[in-house]
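Letter by letter, the chains look like this.
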Amino acid sequence: MNKELSINAVKRVEIIVSHNILTEILKKLDELHVTGYTLIQEVAGKGDRGVVSLSSVRVGTYANSYIIISCNAQTAENIAKEIYVYLSKYGGICLISDAYEVNH
Amino acid sequence: MNKELSINAVKRVEIIVSHNILTEILKKLDELHVTGYTLIQEVAGKGDRGVVSLSSVRVGTYANSYIIISCNAQTAENIAKEIYVYLSKYGGICLISDAYEVNH
Amino acid sequence: MNKELSINAVKRVEIIVSHNILTEILKKLDELHVTGYTLIQEVAGKGDRGVVSLSSVRVGTYANSYIIISCNAQTAENIAKEIYVYLSKYGGICLISDAYEVNH
Amino acid sequence: MGILDNILNPVILFFAFGMLAGSLRSNLEIPPAIGKFLSLYLLLAIGFKGGTALAATGLSLVGALAILAALIMATIVPIYSFFILRKKTNPYDAAAIAATFGSISAVTFITAQQFLTSNELEYGGHMTVAMVLMEMPAIILAMVLVAMVRKQEALKKGGKVENADAPKISMSKVLHEAFTDGAFLLLMGSLTIGYITGADGAAIMKPFIKEMFMGFLAFFLLDMGLIVAKQLRESTEGLNKFMFAFSIVMPVVNATVSMGLAWIFGLSVGDALLLAVLAASASYIVVPAVVRYAIPEARAGTYFTMAIGFTFPFNIIIGIPLYYAMISYFWGL
Amino acid sequence: MGILDNILNPVILFFAFGMLAGSLRSNLEIPPAIGKFLSLYLLLAIGFKGGTALAATGLSLVGALAILAALIMATIVPIYSFFILRKKTNPYDAAAIAATFGSISAVTFITAQQFLTSNELEYGGHMTVAMVLMEMPAIILAMVLVAMVRKQEALKKGGKVENADAPKISMSKVLHEAFTDGAFLLLMGSLTIGYITGADGAAIMKPFIKEMFMGFLAFFLLDMGLIVAKQLRESTEGLNKFMFAFSIVMPVVNATVSMGLAWIFGLSVGDALLLAVLAASASYIVVPAVVRYAIPEARAGTYFTMAIGFTFPFNIIIGIPLYYAMISYFWGL
Amino acid sequence: MGILDNILNPVILFFAFGMLAGSLRSNLEIPPAIGKFLSLYLLLAIGFKGGTALAATGLSLVGALAILAALIMATIVPIYSFFILRKKTNPYDAAAIAATFGSISAVTFITAQQFLTSNELEYGGHMTVAMVLMEMPAIILAMVLVAMVRKQEALKKGGKVENADAPKISMSKVLHEAFTDGAFLLLMGSLTIGYITGADGAAIMKPFIKEMFMGFLAFFLLDMGLIVAKQLRESTEGLNKFMFAFSIVMPVVNATVSMGLAWIFGLSVGDALLLAVLAASASYIVVPAVVRYAIPEARAGTYFTMAIGFTFPFNIIIGIPLYYAMISYFWGL
Ligand SMILES: Nc1ncnc2c1ncn2[C@@H]1O[C@H](COP(=O)(O)O)[C@@H](O)[C@H]1O
Ligand SMILES: Nc1ncnc2c1ncn2[C@@H]1O[C@H](COP(=O)(O)O)[C@@H](O)[C@H]1O
Ligand SMILES: Nc1ncnc2c1ncn2[C@@H]1O[C@H](COP(=O)(O)O)[C@@H](O)[C@H]1O
Ligand code: NA
Ligand code: NA
Ligand code: NA
């Protein structure tokens, strides 16, 4: 397997939001032409809105959802711009960092 | 949605520890005034202490827990300083990287 | 706890692959002398092969698996070189970024 | 059949044990997937049982009256609750709490049915219909109240609506969220299926629906005990004495009002008890889930903790036998 | 005992309700862990029941003939399906779809057993053996067909094999994957355990295996309804009218062919119906899981969606009573 | 009633099947959430059954003697085990293994009860009390031994305690961890609830507790078989022949010693078998979980693998009928 390794500079966007607005967030991502993401549907956490724990998600509380997106810088900016209103209304955070994606 | 995008340089701290000391770690984070974190309670893995798999967590073994924290550089340093003794005793790792948090 | 904080520059490799080739990937990692990884066995996602959701994994579909590896640059390159053929055949992505690991 | 007898029921004891284990910070935990399944099981069983019972008897006049009484309670409780709460708290919390207490808790209802069965008292399948119908009016009323409040506040600020690019919360979206809520739909669906398949269906499903019931309920209440203890430990910051008092006194008031209606409408003891329990109970599943989305201004730490931390255990342990004692007294047993 | 009676069965109604709730985009969801457990339960129960039934009767001549008929169907269905499909689609999709339809759906089989039981018709424990034996031939045949196709394509391209460092898919690896598949092994294992422990085992396990069965099946079909609705919503892009027609017509054709065999071999009505249902059903668990690995060139959006989105609900709601009506007619009941 | 009969029990066969499937590297897997629920169910059922049995009979003299015998075993087994192990391994591993073998395995106990029931032999509710009381002494003794070892090592190094800022492991923290362990608490809680609700409670819970028991146990043992196979595949590196021999011989020794006590105290065959099984079994849930935290110096790969990989399957398949044969012989049946 002596191929040259080909990599691509990308932005790694992480979004953590309340599970109850996940559907809307994913719809927004579709609208922004985000072609791929990875999703951990139910994660716990702590933030301004207190502790979110999985053991009580079946009684009227919500877990958080964790979305990871690898995309180009422009898309990352678009995502951040669209997502922050949800964060301020329903809580959550959005992180952006640099990474390299292995081409295939 | 033509707002200016406002972002903030942060440290992204990732901690992976044995689930059985999670409560203590979270208490430590509270003491260090960490205001927010995201938690995946049960993850598998492999390290110096062998393979950790979820299928046997109900018989006297533990899963790992995965904590993600977005915080400032000073807090990240404090966390690292407090956490490493747990890592050396009970295993696990702690990674720190750079990221930008979208303000909201 | 007035010890000096000792950290180490590492590569943070993230691999997202179809769950049905997870065993092979982990075997490959062993062959590459990867000494540690963290594994989230079942995550959802979207990519070229469509939507992967957890609610139907019990009926002949597969979840994705998410692997996080902290390693040195050379190992990261080796991983990337070995893994990309799986990605092109069975889908998935591989991201590499910079981080610091806290020594313990 | 007093409070002590009620407590000596295994399912109630498992609830108490769960609260104890939770307060000891035990690592005892029912896996979330199991807890969710148990709650789906209970909803399916209760709906199905109600449907087959209804198929057997048809809807009698007294059944229709019981449903009417339920609808009256579902309408007036959120309204008077809102105006009481409004004096002591902000309008968003008031609306959220009113919605919570105006709606119902299916598990409290189930536990009351269990109480009746072990005391060999009858109740009608129409009470399940009553329960289903009592779920939603409170949410709709709360939404209307909040819409009015939001308009008022906007006017005060000179008509400018703050945070213009925030996602809109429309009534229709909330209604969709409420009426397609899994718990609600499953209840409706099983009720309908029970009604359609009638005695044949009841016979086929009996071992699962009837014989497993106590065991699954015991496990579920054990889990609820653990959750209640956790909730009380973690999220009582925003709560004051008034809210605690409200969570205990209001159920008794609502139960008492409903007994008046039950008396006027000539309901049986069993139906009257179930109506009282429905009126007294507060929703900690469907309503908080919807309200969290629909009234994000309200603090979940208040309405949710009140419903699950105070009202639920109160009703399970003290409320049910208390209301029963009151009804026995009034009905002259 | 017609289609309407079949529909009025609670388990079928729960399936329909699941499809409805799914199409309303309800958040109703059976936790994945529970869904997986239910499917393990059904496999264990059906295997164990088959084993104890077989232990009671031994393998009769007619039982052996039924198994022979099953093996014939398992061999010819994937072959003729492939050549039909080959005319309308690429060879990889054709092989994958042929494998899917040549194999069987255990839940459809279980639902048909349920249909027979509620109509008080008998069937033999050997039919469970027939089901187990019908799972795998289609996969092996499809692998052989695909290997031929791959060779041909390589020749066309002048012998150069593309993507030389790609991981190899060997037949033995695929067979290991297929024969150690959990669903398949559990079926085999329970069948064997049922056979070994016989009447004693049956008595001990009865409450769990027999009495819980309808309840767990109802829950499972509810879940299947939700999954089918989701699948139909999300993944019908790659599908054309031909594929839709194939998913409905082919089962009827396969069932009819199998009835011919059943008639020749003198099978009972119950065995004939089960054989027809096996022939008509398409695998949406074992085969797609293996094919996804073994034929990555095929699009899961086609074979999987056809099996679970069209053929499965068709068989459950219409197919079973339809095949029964045909058999009743031919067998002159 | 020999080893063969034991093996022909469906639950034992499912265990063996699980080990087989696991060693074939099948992807058969019981979802973790289900496995956890099944173990909670078994603990709840066994505790509740024990409690109601005790309520029916009260604590007799022979019951008290059985409990005394259990406590004696729980005290001497960890001590003599430690000194045997000390000769062949480091003190931390020795203490951890001693704790593991000094405590008990509830599932082995349950399987032995099942064995007695299917052989129509009686046993007392007090044996459940005995089991609960045998869980903890070994942990406490091991902690005391380890504390002594740690002090000694510190002295050797001239009094300097290494790694001064490491988190401290206090005895009281470990005891809290042990006594609030979910498995232990649930057992205690159900025992108490069973005792309080007595015959009424037993009647209400019967279908869930008694009739479902074999099915859930079969599933649980299937899962255990899978886990055992996996453990044997992945974690036998640190193990030597001595440890393997210890895992098989020590149970037989402990069982034999307990038979002496049982004979002196005049226990019935059923009680004697259960006592022997408790003495012979090693904890693979509560103790390893606590020890992992309390004695991090010990390698989990040894004590845990010994308990679950060797001792558990040995007791389930061979030990139970073997001890029974010995007791039958001694008691002169
Ligand atoms: N600083 C942080 N680091 C990591 N995750 C966070 C942070 N702040 C908030 N979160 C996550 O976002 C969720 C909602 O945050 P909040 O709206 O602040 O309550 C929390 O439950 C966490 O999962
Ligand atoms: N190099 C690594 N990269 C990612 N995760 C690791 C690494 N080393 C250890 N871990 C995680 O930390 C856990 C405990 O590590 P250890 O104490 O080394 O056994 C492992 O089970 C992994 O989940
Ligand atoms: N751009 C991306 N960002 C994050 N995850 C991705 C991305 N593309 C693909 N994935 C993940 O990789 C899986 C398989 O991708 P694919 O082979 O493209 O269908 C998806 O289901 C996602 O979980
Ligand atoms: Na109410
Ligand atoms: Na078929
Ligand atoms: Na022991």
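Above this text is the structure in question.
Each chain has its residues counted from 1, running along the sequence as written. Key to labels: chains lettered from A, ligands numbered from 1, both in the order written. Residue-level local features of this predicted model are given only where pLDDT is at least 70; pairs of side-chain atoms are given and counted only at 80 or more, and the full residue set underlies all totals for whole chains, interfaces and linings. Just so you know, side-chain values use all the structure's heavy atoms and leave hydrogens and water out.

**Concerning the overall build of chain D**
Secondary structure elements follow DSSP: runs of H or I of four or more residues count as helices, runs of E of two or more count as strands, with numbering from the N terminus. Along its length, chain D carries 15 helices and zero strands. The C-alpha radius of gyration computed for chain D amounts to 20 Å, which stays within 12% of the reference 20 Å derived for 333 residues, consistent with globular compactness. Taken over the C-alpha atoms alone, chain D extends approximately 65 × 50 × 40 Å along its principal axes. In what follows, a contact means two residues having at least one pair of non-hydrogen atoms within 4.5 Å. Long-range pairs, those at least 24 residues apart, make up 90% of the contacts in chain D between residues at least 6 apart in sequence. With the model as given, the accessible surface of chain D reaches about 11800 Å², and the carbon-plus-sulfur share is 67%. Throughout, the radius of gyration refers to the C-alpha atoms, and the reference size of a globule is 2.2 Å times the residue count to the power 0.38. The accessible surface values rely on the Shrake-Rupley method and a 1.4 Å probe; as for residues, cover is taken only from the protein chains in view.

**Comments concerning the relation of the copies chain D and chain F**
Copy-to-copy alignment: least squares on C-alpha atoms, limited to residues at pLDDT 70 or above in both. Mapping chain D onto chain F calls for a screw motion: a turn of 120° about the axis and a shift of 0.0 Å along it, with 0.0 Å RMSD after fitting. The superposition operator between the copies reduces to a three-fold rotation axis. Residues of chain D ranked by C-alpha distance from the rotation axis are headed by alanine 33 of chain D, positioned 3.8 Å from it. The residues that chain D uses at the interface reappear at the interface of chain F in only 16% of cases, marking distinct surfaces.

**Some remarks on the coordination of the sodium ion (ligand 6)**
Residues and elements named next belong to chain F. Protein coordination at the sodium ion (ligand 6) comes from Phe101 (O), Ser103 (O), Leu278 (O), Ala279 (O) and Ser281 (O), with a distance range of 2.3 to 2.8 Å. Water is not part of the atom set, so a site may look incomplete; the donors themselves are N, O and S atoms within 2.8 Å of the metal, or 3.2 Å for Na, K and Ca. Between consecutive donor residues of the sodium ion (ligand 6), the sequence gaps follow F-x1-S-x174-L-A-x1-S. Neither leucine 278 nor alanine 279 differs from the other in exposure class; each is buried. Throughout, exposure labels follow a simple rule: accessible area from a 1.4 Å probe, protein chains only, divided by the maximum for the residue type, with under 20% read as buried, over 50% as exposed, and the rest as partly exposed.

**Here's the deal with the site of ligand 3**
Throughout, the term near means that a residue has one or more heavy atoms lying within 4 Å of the molecule or strand in question. In the region of ligand 3, 18 residues are neighbours, and Thr38 of chain A together with Asp48, Arg49, Asn64 and Gly91 of chain C sit closest. Pairs of N or O atoms are called polar contacts if they sit within 3.5 Å, as long as, within protein, a hydrogen donor faces a hydrogen acceptor (for residues adjacent in sequence, only side-chain-to-side-chain pairs). Within the contact set of ligand 3, an oxygen atom lies 3.4 Å away from a backbone nitrogen or oxygen of tyrosine 37 of chain A. Lysine 46 of chain C places a polar main-chain atom, nitrogen or oxygen, 3.4 Å from an oxygen atom of ligand 3. In isolation ligand 3 offers 480 Å² of accessible surface; the protein chains occlude 93% of this area. Broken down by secondary-structure element, the contributors of at least two residues to the shell around ligand 3 are strand E2 (37-47) and strand E4 (64-71) of chain A together with strand E2 (37-47) of chain C. Think of it as three bins: nonpolar holds Ala, Val, Leu, Ile, Met, Phe, Trp, Tyr, Cys and Pro, charged holds Asp, Glu, Lys and Arg, and polar takes everything else, Gly as well. Across the shell around ligand 3, the residue classes break down as seven nonpolar, eight polar and three charged.

**Looking at helix H15 (residues 300-330) of chain E**
All names here are of chain E. With 31 residues, H15 should cover 45 Å at 1.5 Å per step; its first-to-last C-alpha distance of 38 Å lies more than 12% under that length. In H15, a bend of some 55° at asparagine 315 exceeds every other bend along the element. Among the 31 residues that make up H15, 24 are buried, leaving the element largely enclosed by the rest of the structure. Glycine 332 occupies a position one or two residues after H15 and carries a positive phi of about 70°. Expected span of a helix: the number of residues minus one, times 1.5 Å. At any given residue, the bend is defined as the angle formed between two axes, one fitted to the seven residues that end at that position and one fitted to the seven that begin there.

**Let's talk about the coordination of the sodium ion (ligand 4)**
Surrounding the sodium ion (ligand 4) are the protein donor atoms Phe101 of chain D (O), Ser103 of chain D (O), Leu278 of chain D (O), Ala279 of chain D (O) and Ser281 of chain D (O), which sit 2.3 to 2.8 Å from the metal. Read in sequence order, the donor residues coordinating the sodium ion (ligand 4) give the pattern F-x1-S-x174-L-A-x1-S.

**A look at the packing of aromatic side chains**
Any pair of Phe, Tyr and Trp rings, taking the six-membered ring for Trp, is counted once the centres come within 6.5 Å. Such a pair is stacked with planes under 30 degrees apart, edge-to-face with planes over 60 apart, and tilted for the rest. Per the stated rule, a full pass over the model turns up 57 aromatic pairs over all chains. Look at phenylalanine 82 of chain E and phenylalanine 83 of chain E: their rings are 5.3 Å apart centre to centre, the planes differ by 85°, and that puts the pair in the edge-to-face class. Judged by centre distance (5.8 Å) and plane angle (70°), the ring pair of tyrosine 329 of chain F and phenylalanine 330 of chain F falls under edge-to-face. According to the relative accessible area criterion, phenylalanine 330 of chain F is partly exposed, its value standing at 42%. A positively charged side chain is recorded as over a ring if its NZ (Lys) or CZ (Arg) lies within 6 Å of the ring centre. The angle to the ring normal must also be within 35 degrees. For lysine 49 of chain E, the ring lying beneath its charged end belongs to phenylalanine 213 of chain E, and the centroid distance is 3.9 Å. Here the guanidinium or amino end of arginine 292 of chain E rests over the ring plane of phenylalanine 304 of chain E, the centre of that ring lying 5.7 Å away.

**Remarks on the site of ligand 1**
Around ligand 1 lies a shell of 18 residues, among which Asp48, Arg49, Asn64 and Gly91 of chain A together with Thr38 of chain B are the nearest. In this structure ligand 1 sits where residues from chains A and B come together. At 3.4 Å, a backbone N or O of lysine 46 of chain A approaches an oxygen atom of ligand 1. Contact between ligand 1 and asparagine 64 of chain A: an oxygen atom at 2.8 Å from a side-chain N or O atom of the residue. Expressed as a share of its isolated accessible area of 480 Å², the protein-covered part of ligand 1 is 93%.

**Quick look at the packing of helix H3 (residues 32-57) of chain E against helix H11 (residues 213-234) of chain E**
Residues and elements named next belong to chain E. It is at 10 Å that the axes of H3 and H11 come closest, and there the two elements cross at 135°. When the axis of H3 is compared with that of H11, the two are oblique. Along this stretch, H3 crosses H11, giving a crossing that reads as left-handed. Residues Gly35, Phe37, Leu38, Ser39, Tyr41, Leu42, Ala45, Ile46 and Lys49 of H3 form the contact with H11, whose own contacting residues are Phe213, Phe216, Leu217, Phe219, Phe220 and Asp223. In the contact of H3 with H11, the residues fall into 11 nonpolar, two polar and two charged. Orientation is described by lines fitted to C-alpha atoms, with helices fitted over the stretch in contact, and by angles between N-to-C directions that extend from 0 to 180 degrees. Angular relationships are summarised with four words: roughly parallel below 35 degrees, roughly antiparallel beyond 145, roughly perpendicular across 65 to 115, and oblique for the angles in between. What makes a crossing left-handed is the near helix being turned counterclockwise from the far one by less than a right angle; a clockwise turn instead makes it right-handed.

**Section: a nonpolar patch on the surface**
By definition, no residue in a patch forms a salt bridge, and every one has over 30% relative accessible area; like charges are joined within 9 Å, nonpolar side chains (Val, Leu, Ile, Met, Phe, Trp, Tyr) within 5 Å. For salt bridges, the criterion is a side-chain nitrogen of Lys or Arg within 4 Å of an Asp or Glu carboxyl oxygen. On the surface, a cluster of nonpolar side chains totalling about 400 Å² of accessible area is made up of Leu68, Ile72, Ile76, Val249, Val253 and Val257 of chain D. Judged by relative accessible area, leucine 68 of chain D falls into the partly exposed class, the value being 41%.

**Here we look at the pattern of salt bridges**
It is possible for side chains of opposite charge to pair when their charged atoms get near one another. Counted under the stated rule, the structure contains 30 salt bridges over all chains. For arginine 12 of chain A, the salt bridge identified is with glutamate 14 of chain C, shortest N-O distance 2.5 Å. Taken together, the positions of arginine 12 of chain A in strand E1 (residues 7-18) and glutamate 14 of chain C in strand E1 (residues 7-18) put the pair across two chains. Like arginine 12 of chain A, the residue glutamate 14 of chain C is buried in the burial classification. Measuring nitrogen to oxygen at the nearest pair gives 2.6 Å for the salt bridge that ties lysine 11 of chain C to aspartate 98 of chain C. Pair noted here: lysine 11 of chain C is in strand E1 and aspartate 98 of chain C is in strand E5 (residues 93-102), with a separation of 87 residues, a long-range link. Owing to a relative accessible area of 24%, lysine 11 of chain C belongs among the partly exposed residues under this scheme. When salt bridges that share partners are traced, they join Arg12 and Glu14 of chain A, Arg12 and Glu14 of chain B together with Arg12 and Glu14 of chain C into one network.

**Overview of the packing of helix H12 (residues 241-265) of chain D against helix H15 (residues 300-330) of chain D**
Residues and elements named next belong to chain D. Put simply, H12 and H15 touch, their axes get as near as 9 Å, and they point 40° apart. Taken together, H12 and H15 sit at an angle that is classed as oblique. For the pair H12 and H15, the sense of crossing is right-handed. Together, Met243, Phe244, Phe246, Ser247, Ile248, Pro251, Val252, Ala255, Thr256, Met259 and Trp263 of H12 and Thr302, Met306, Phe310, Thr311, Phe314, Asn315, Leu322, Tyr323, Met326, Ile327 and Phe330 of H15 make up the contact between the two elements. Residue composition of the contact of H12 with H15, grouped by class: 17 nonpolar, five polar and no charged.

**Focus on the pairing of strand E4 (residues 64-71) of chain C**
Remark: a regular strand shows side chains that alternate across the two faces of the sheet. Residues and elements named next belong to chain C. Of all eight residues in E4, eight are buried; the element is thus mostly enclosed. Residue alternation in E4 divides its side chains into two sets, Asn64, Tyr66, Ile68 and Ser70 and Ser65, Ile67, Ile69 and Cys71, and both sets are buried. Relative to E4, E1 is paired through eight bridges, and the arrangement is antiparallel. Residue pairing across strands places serine 18 opposite asparagine 64, the latter belonging to E4. Two strands are counted as paired when DSSP detects at least two bridges linking them. As defined by bridge partners, E2 adjoins E4 across four bridges and the pair is classed as antiparallel. Note that in E4 the partner of isoleucine 40 across the bridge is tyrosine 66.

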